Amino acid sequence: MFEDASTTGQNSKKGKLNLKLTMGFPLNERELKKTVGDHSRLDVLLWDKIQVMSHRQRIIMAIIIGGSLIYFTITQVLLVVAKAPSEPTQPEFRKICTFSLERETIYGPAEEESLPIIYVVTPTYKRPEMVAELTRLGQSLLLVPRIHWIIAEDNRECSPVISNLLTRFGLPYTHLVSPMPEIYRKERYIPRGVSNRRAALQWIKENGVNHAVVYFLDDDNAIDIRLFEEMRTTKKVSMWPVGLIGDYSVSSPVVDKMDNVVGFYDGWPADRKFQVDMAGFAVNVGYMKKQPKVTMPYIAGHEEDGFLKSLNIRYEDVEVLASGCTEVMVWHTRTTKNPTRSLRLDKHQHDNIKRLTDNMRQMGMIK
Ligand code: UDP
Ligand code: MN
């Protein structure tokens, strides 16, 4: 326990000061002067320092403080005024790399052409973990019939490693690229994976069949494949909880006894009509194609909300899945950023390690 000066009977200056401090701030100036004298105060000390500064030092200090204030004000003003528009003014770069409409794999169930297709849209970008993420996700998708996997790369060029992976898996797929426009990379909150998801939406509008649903599934998420059978028959839009999100560790529609959506639960400020995670809903393609202005805005944190609003969805349209939104069947797992690993190849120019690291470089695992 901390000893209190009053109980130890001390009456020295130090003792008195300790007593005051334990009883809380602020000490008034008179008391301070009484106990430890004028010069213990920080502002007085600073003022003393300024007074002994040379004229030049004072000017430098004024420039530093003034400059920082001006810089701070300008950046704050720019953040508000120079916000990039939610719809780009320039046409976005989009390209289809390779695609296949056939299921050609020995894994998983046989194709069932009578089922509605699920267009699984996965945005991805080059980083050491990319191939690992796509391998894990793709092998979940192999267990599901009537899937068309759209891998939408945030890149100008088509990464051959992705096309190779997709042809090897043998699922019906489309590999396309659409890099994030430069203006958005400069934003304080970057709308990640938006340009590529928008390109996938355009592909579906132009090439997708109506008897289908679209589902956004990020490359680092984890899914229970039973969820695909639940979402497959979505008429307009369906929703369910997503685990491992935000302060409340789950994001979910709140539903009443009649399975009507009455709001959302996820611990974020309720400034959005649809507080859903990207992995928490599916949309019928026929319905989507009928809507005049479908878009996903370039606004970080409002991508899903903006998209669903553009689809003219109301709460009463939402089909509630996962046992009335009481079960978690998809998780917003995240892969932490790893430091760049170093290579020591000087002793391995003529053995397997050389080829191993060459292969890893092709996979984007090392530079
Ligand atoms: N993504 C992207 N470009 C980027 C950053 C992310 O295409 O510059 C993709 C990423 O591969 C993932 C999705 O967008 O599928 C969401 O990104 P991330 O997982 O980094 O975001 P979070 O999990 O924090 O929402
Ligand atoms: Mn993620």
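The following refers to the structure shown. Since this is a predicted model, take the numbers as computed values, not measurements.

Let's talk about the overall build of the protein chain
Moving on, step 1. Along the protein chain, the regular secondary structure elements total 14 helices and 13 strands.
Moving on, step 2. Split into buried and exposed, the 367 residues of the protein chain put 42% on the buried side.
Moving on, step 3. Taking all contacts inside the protein chain whose residues are at least 6 apart in sequence as the whole, residues at least 24 apart take part in 72%.

Focus: the layout of surface pockets
Moving on, step 1. Approximately 1,300 Å³ is the volume found for the largest pocket.
Moving on, step 2. The wall of the largest pocket is formed by 41 residues, among which Arg192, Arg197, Asp218, His332 and Arg334 lie closest to the centre.
Moving on, step 3. Those elements giving two or more residues to the lining of the largest pocket turn out to be strand 2 (117-124), helix 9 (194-207) and helix 12 (303-310).
Moving on, step 4. Residues that form the lining of the largest pocket fall into these classes: 12 nonpolar, 10 polar and 19 charged.
Moving on, step 5. At the level of secondary structure, the elements contributing two or more residues to the lining of the second largest pocket comprise helix 7 (160-169) and helix 14 (352-362).

Observations regarding a nonpolar patch on the surface
Moving on, step 1. Among the surface-exposed residues, Ile60, Ile64, Ile65 and Leu69 lie close enough to one another that they form a single nonpolar patch of about 390 Å² accessible area.
Moving on, step 2. Counting through the fold element by element, Leu69 comes out in helix 5 (residues 55-81).
Moving on, step 3. Under the relative-accessibility criterion, Leu69 is labelled exposed at 54%.

With respect to the coordination of the manganese ion (ligand 2)
Moving on, step 1. Only Asp220 (OD) and Asp220 (OD) from the protein reach the manganese ion (ligand 2) as donors, at distances of 2.2 to 2.7 Å.
Moving on, step 2. For Asp220, the position within the fold is in the loop between strand 5 (212-216) and strand 6 (222-223).

Some remarks on the packing of aromatic side chains
Moving on, step 1. Taken as a whole and assessed by the stated rule, the structure comprises 11 aromatic pairs.
Moving on, step 2. The interplanar angle of 35° and the centroid separation of 6.1 Å between the aromatic rings of Phe281 and Phe307 together place this pair among those described as tilted. Placement of Phe281 in strand 11 (residues 281-284) and of Phe307 in helix 12 is noted, with a sequence separation of 26 residues between them.
Moving on, step 3. Judged by relative accessible area, Phe281 falls into the buried class, the value being 0%.
Moving on, step 4. Residue Phe307 is classed as buried on the basis of its relative accessible area of 0%.
Moving on, step 5. Within the aromatic cluster, the residues linked to one another by ring pairs are Tyr215, Phe228 and Trp240.
Moving on, step 6. One residue, Arg156, lies across the ring of Phe93, its end atom 4.0 Å from the ring centre.

Remarks on the state of the cysteines
Moving on, step 1. Enumeration over the complete set of coordinates arrives at one disulfide.
Moving on, step 2. Linked covalently through their sulfurs, Cys97 and Cys158 form a disulfide whose S-S length is 2.1 Å. Looking along the S-S bond of the Cys97-Cys158 disulfide, the torsion reads about -85°, which is the left-handed sense. Taken as a pair, Cys97 in strand 1 (residues 95-100) and Cys158 in the loop between strand 3 (147-153) and helix 7 lie far apart in primary sequence, 61 residues in all.
Moving on, step 3. By relative accessible area, Cys158 is classed as partly exposed at 25%.

Things to note about the site of ligand 1
Moving on, step 1. Pro123, Asp154, Asn196, His332 and Arg334 are the nearest of the 15 residues found near ligand 1.
Moving on, step 2. One of the backbone nitrogen or oxygen atoms of Pro123 is found 2.7 Å away from an oxygen atom of ligand 1.
Moving on, step 3. Between ligand 1 and Asp220 there is a distance of 3.1 Å, counted from an oxygen atom to a side-chain nitrogen or oxygen.
Moving on, step 4. Summarising the interface, the protein chains cover 86% of the accessible area of ligand 1, which totals 520 Å² for the free molecule.
Moving on, step 5. Judged by the fraction of its atoms near the pocket grid, ligand 1 is located in the largest pocket.
Moving on, step 6. Its residues assigned to classes, the shell around ligand 1 comprises three nonpolar, four polar and eight charged.

Conventions and cut-offs
Residues numbered from 1 in each chain as written. Chains lettered and ligands numbered in written order. Predicted model: local features only at pLDDT ≥ 70, side-chain atom pairs only at ≥ 80, totals over all residues. Heavy atoms only, no water. Helix = DSSP H or I, 4+ residues; strand = E, 2+ residues; numbered from the N terminus. Buried < 20%, exposed > 50% of the residue type's maximum accessible area, 1.4 Å probe, protein only. Contact = heavy atoms within 4.5 Å. 1 Å grid on protein atoms, 1.4 Å probe; cavity = no way out; pocket = protein on both sides within 12 Å on 5 of 7 lines; lining within 4 Å. Points joined across faces, edges and corners; volume = space filled by probe spheres on them. Nonpolar A, V, L, I, M, F, W, Y, C, P; charged D, E, K, R; others polar. Patch = residues over 30% accessible without salt bridge, like charges linked within 9 Å, V, L, I, M, F, W, Y side chains within 5 Å. Areas by Shrake-Rupley, 256 points an atom, 1.4 Å probe, with all protein chains shown as cover. Salt bridge = Lys/Arg side-chain N within 4 Å of Asp/Glu carboxyl O. Donors = N, O, S within 2.8 Å, 3.2 Å for Na, K, Ca; no water. Phe/Tyr/Trp six-rings, centres within 6.5 Å; stacked < 30°, edge-to-face > 60°. Lys NZ or Arg CZ within 6 Å of the ring centre and 35° of its normal. Disulfide = S-S within 2.5 Å. Near = heavy atom within 4 Å. Polar contact = N/O pair within 3.5 Å; in protein donor to acceptor, adjacent residues only side chain to side chain. Sits in = over half its atoms within 2 Å of the grid points.

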